[in-house]
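As a plain string of letters, each chain reads:
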Amino acid sequence: MKTTISHIKADIGSLPGHTVVYQPVVDEVENYVKNNSEGLISDFHISHIGDDIQITMVHTRGADNPEIHKLAWDAFKAGTEVAKKIGLYGAGQDLLKDAFSGNIKGMGPGVAELEITPRKAEPFIVYMMDKTEPGAFNYPIYKMFGDPFNTPGLVIDPNMHMGFKFEVWDIYNGKKIYLSLPEDTYDLLAFIGSKSKYVIKRVYTKNTHTKLPDENVAVITTDKLSFIAGEYVGKDDPAGIVRIQSGLPASGEALEPFANSYLVSGWMRGSFNGPMMPVGMDNAQMTRFDGPPRVMALGFVMKEGKLAGPVDMFRDVAFDYARNEALNMANYMRRMGVFEPHRLPDEDMEYTALPKILEKRAQDFKKIEDKGANSEMKGGQ
Ligand code: F6R
Ligand code: MG
């Protein structure tokens, strides 16, 4: 029977400011799901990174199911009430609409759903990132499913040798394209290198896959808050689900892209490039310059709709090197202050408050008629 894993996340308030969620609010969301999900879902798990609460649910109602989406929306609403009572910063921040209208997409929370035919053992990893954007998944997902230097299974394992199909979204124009690897590798990279415009939405096996023909094996949230609210209301801190093993990337191949830090957009005020730092649950809070951007990975197995786990995958000395590298990169980048390429390029600042500042001085710009040094400055202007 088809089973759906729905992962829905939102920032509904944090402490003291965009740093970390507050446990009583997480508890309220958890209790709401526990007490209102009978007959709807077979299992769930609540987690968090930085200021975002994350709900992972298992059910048989398929993707985009209104009841499942409403359950998550109402749980976040209930959590928001507690956040407001305590006076948490940004209480209800990501709940951008007043009333639920059948689908949580476009309402603020991030959504990633996988409808699958479960294998005998169904291992998967849920990745959660804070202080960055959906395109931050482009690099690691490509490495997992497309790069044989990361995933030797693409060369060695006959069940993976045919490669994978990628669904890429142009999030500015609402269009998508399917690209088949390895043959379309260079085309894929030509798009997804522009990580704020093109994002990997899903990865599929091909119909030539010996174990899992045409299955969706990875999915990423691609919700852009600024497109919904019309202005910057926090970055779109993404999450993703990746199925692993047995003809798919091994657990270690799915973690390997994070063994070195890499640069992503987000960090302070969603306006800076900064290093991605893999962390365990005990370090899921945002401090230095509201970051650095972090990723957490929780490993599960699923059987007959029930979850076992999670394993806190990055809570391991094996990722200390990446953490140190991220900290060194953070030092290096921070010295640049508000200069590009630490600060994002103009196009990406469009949805921040910067245009308001620039507009105020726009009328002071004069046409350039250069007649030599200081000719226009006479009179001490
Ligand atoms: C970035 C983020 C924070 C805030 C920053 C300013 O995604 O959440 O870096 O942008 O703390 O927050 P406000 O504007 O709410 O004071
Ligand atoms: Mg966040």
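Residues numbered from 1 in each chain as written. Chains lettered and ligands numbered in written order. Predicted model: local features only at pLDDT ≥ 70, side-chain atom pairs only at ≥ 80, totals over all residues. Heavy atoms only, no water.

Novice: I keep staring at helix H3 (residues 138-146) and nothing clicks. Help me out?
Specialist: Given 3.6 residues per turn, any residue in an α-helix points the same way as the ones three and four places further on. For H3, a buried count of eight out of nine residues is recorded, marking the element as mostly surrounded by other parts of the structure. Taken residue by residue, H3 has Asn 138, Pro 140, Ile 141, Tyr 142, Lys 143, Met 144, Phe 145 and Gly 146 as its buried positions. (Buried < 20%, exposed > 50% of the residue type's maximum accessible area, 1.4 Å probe, protein only. Helix = DSSP H or I, 4+ residues; strand = E, 2+ residues; numbered from the N terminus.)

Novice: Even after reading the chapter, I still don't get the coordination of the magnesium ion (ligand 2), so can you show me in this structure?
Specialist: The reference angle at a metal is 109.5 degrees if four donors form a tetrahedron and 90 or 180 degrees if six donors form an octahedron. Coordination of the magnesium ion (ligand 2) by the protein involves Asp 51 (OD), Asp 52 (OD), Asp 130 (OD) and Asp 237 (OD), with metal-donor separations of 2.0 to 2.4 Å. Linear spacing of the donor residues for the magnesium ion (ligand 2) on their chain is D-D-x77-D-x106-D. Each member of the pair, Asp 51 as well as Asp 52, is classed as buried. (Donors = N, O, S within 2.8 Å, 3.2 Å for Na, K, Ca; no water.)

Novice: Where do I start with the packing of helix H1 (residues 23-36) against helix H2 (residues 66-86) in this structure?
Specialist: Packed helices, taken two at a time, are described by the angle between their axes plus the distance between the axes. Their axes nearest at 8 Å, the elements H1 and H2 cross at an angle of 145°. Seen along the crossing, H1 lies across H2 with a hand that is right-handed. For the pair H1 and H2, the contacting residues are Pro 24, Val 25, Glu 28, Val 29, Tyr 32, Val 33 and Asn 36 in the first and Leu 71, Asp 74, Ala 75, Phe 76, Ala 78, Gly 79, Val 82, Ala 83 and Ile 86 in the second. Of the residues that constitute the contact of H1 with H2, the class distribution is 12 nonpolar, two polar and two charged. (Axes fitted to C-alpha atoms, helices over the stretch in contact; angles between N-to-C directions. Left-handed = near helix turned anticlockwise from the far one by under 90°. Contact = heavy atoms within 4.5 Å. Nonpolar A, V, L, I, M, F, W, Y, C, P; charged D, E, K, R; others polar.)

Novice: It is not clear to me how the side chain of Asn 159 should be interpreted in this structure. Could you clarify?
Specialist: You can see Asn 159 is positioned in the loop between helix H4 (153-156) and strand E6 (164-170). Those residues in contact with Asn 159 that sit more than four places away from it in its chain are His 209, Thr 210, Lys 211 and Gly 247.

Novice: Just to check I follow, could you spell out a nonpolar patch on the surface for this structure?
Specialist: Together, Met 336, Val 338 and Phe 339 give the surface a local cluster of nonpolar side chains, amounting to about 320 Å² of exposed area. We classify Val 338 as exposed; its relative accessible area is 56%. (Patch = residues over 30% accessible without salt bridge, like charges linked within 9 Å, V, L, I, M, F, W, Y side chains within 5 Å. Areas by Shrake-Rupley, 256 points an atom, 1.4 Å probe, with all protein chains shown as cover. Salt bridge = Lys/Arg side-chain N within 4 Å of Asp/Glu carboxyl O.)

Novice: Explanation requested: the domain arrangement of the protein in the structure shown.
Specialist: Domain annotation of the protein identifies domain 1 (1-116) and domain 2 (118-358). Here the C-alpha centroids of domain 1 and domain 2 sit 21 Å apart. On the domain 2 side, the residues contacting the 37 residues of domain 1 number 41 residues. A per-residue breakdown of the area domain 1 buries against domain 2 is headed by Ile 49, Leu 114 and Ile 116, which together make up 21% of the total. Between Lys 131 and Asp 51 there is a salt bridge, with its nearest N and O atoms 3.0 Å apart. In this structure, the connection of domain 1 to domain 2 is made through nine residue pairs in polar contact (both at pLDDT 80 or more). Counting only elements with at least two residues in the side of domain 1 that touches domain 2, the list comes to strand E1 (3-10), strand E2 (43-49), strand E3 (52-59) and strand E4 (110-116). (Domains from an automatic or database assignment. Buried area = accessible area lost by both parts, 1.4 Å probe. Polar contact = N/O pair within 3.5 Å; in protein donor to acceptor, adjacent residues only side chain to side chain.)

Novice: Even after reading the chapter, I still don't get the UniProt feature "binding site: Mg(2+) 2" (unreviewed entry) in the protein, so can you show me in this structure?
Specialist: If you check UniProt for "binding site: Mg(2+) 2" (unreviewed entry), the listed places come out as Asp 51, Asp 52, Asp 130 and Asp 237 in our numbering. Maximum C-alpha separation among the annotated residues is 9.5 Å over a sequence range of 187 residues, consistent with a single clustered spot. Mapped onto the secondary structure, Asp 51 falls in the loop between E2 and E3. You can call Asp 51 buried: its relative accessible area is 2%. Setting aside residues up to four positions removed in sequence, Asp 51 forms contacts with Ala 10, Asp 11, Ile 12, Gly 13, Ser 14, His 18, Thr 19, Val 20, Val 21, Asp 130, Lys 131 and Asp 237. Within the local environment of Asp 51, its side chain forms a polar contact with the side chain of His 18, the two groups lying 3.1 Å apart. (UniProt positions renumbered as here; feature names shortened; annotations may be inferred.)

Novice: Explain the nonpolar core to me, please; I cannot follow it from the model alone.
Specialist: Taken as a class, soluble globular proteins show a tendency for nonpolar side chains to be buried jointly. In terms of nonpolar packing, the biggest core is built from 40 residues, with Tyr 127, Ile 141, Phe 145, Phe 164, Phe 166, Val 203 and Phe 258 touching the most fellow members. Among the elements of the structure, strand E5 (122-130), H3, E6, helix H5 (185-192), strand E8 (198-205), strand E9 (216-220), helix H7 (251-255) and strand E14 (294-303) are those that each provide at least two residues to this core. The dominant element in this core, judged by the number of residues it contributes, is H3, at four residues. Sequence-distant contacts of Phe 258, that is, excluding residues within four places in its chain, are made with Tyr 127, Met 129, Pro 140, Met 144, Pro 278, Val 295, Phe 314, Phe 319 and Ala 322. The next biggest cluster of nonpolar side chains, apart from the first, holds 28 residues, and it includes Ala 10, Val 82, Ile 104 and Met 107. (Core = buried A, V, L, I, M, F, W, Y, C linked by side-chain atoms within 4.5 Å.)

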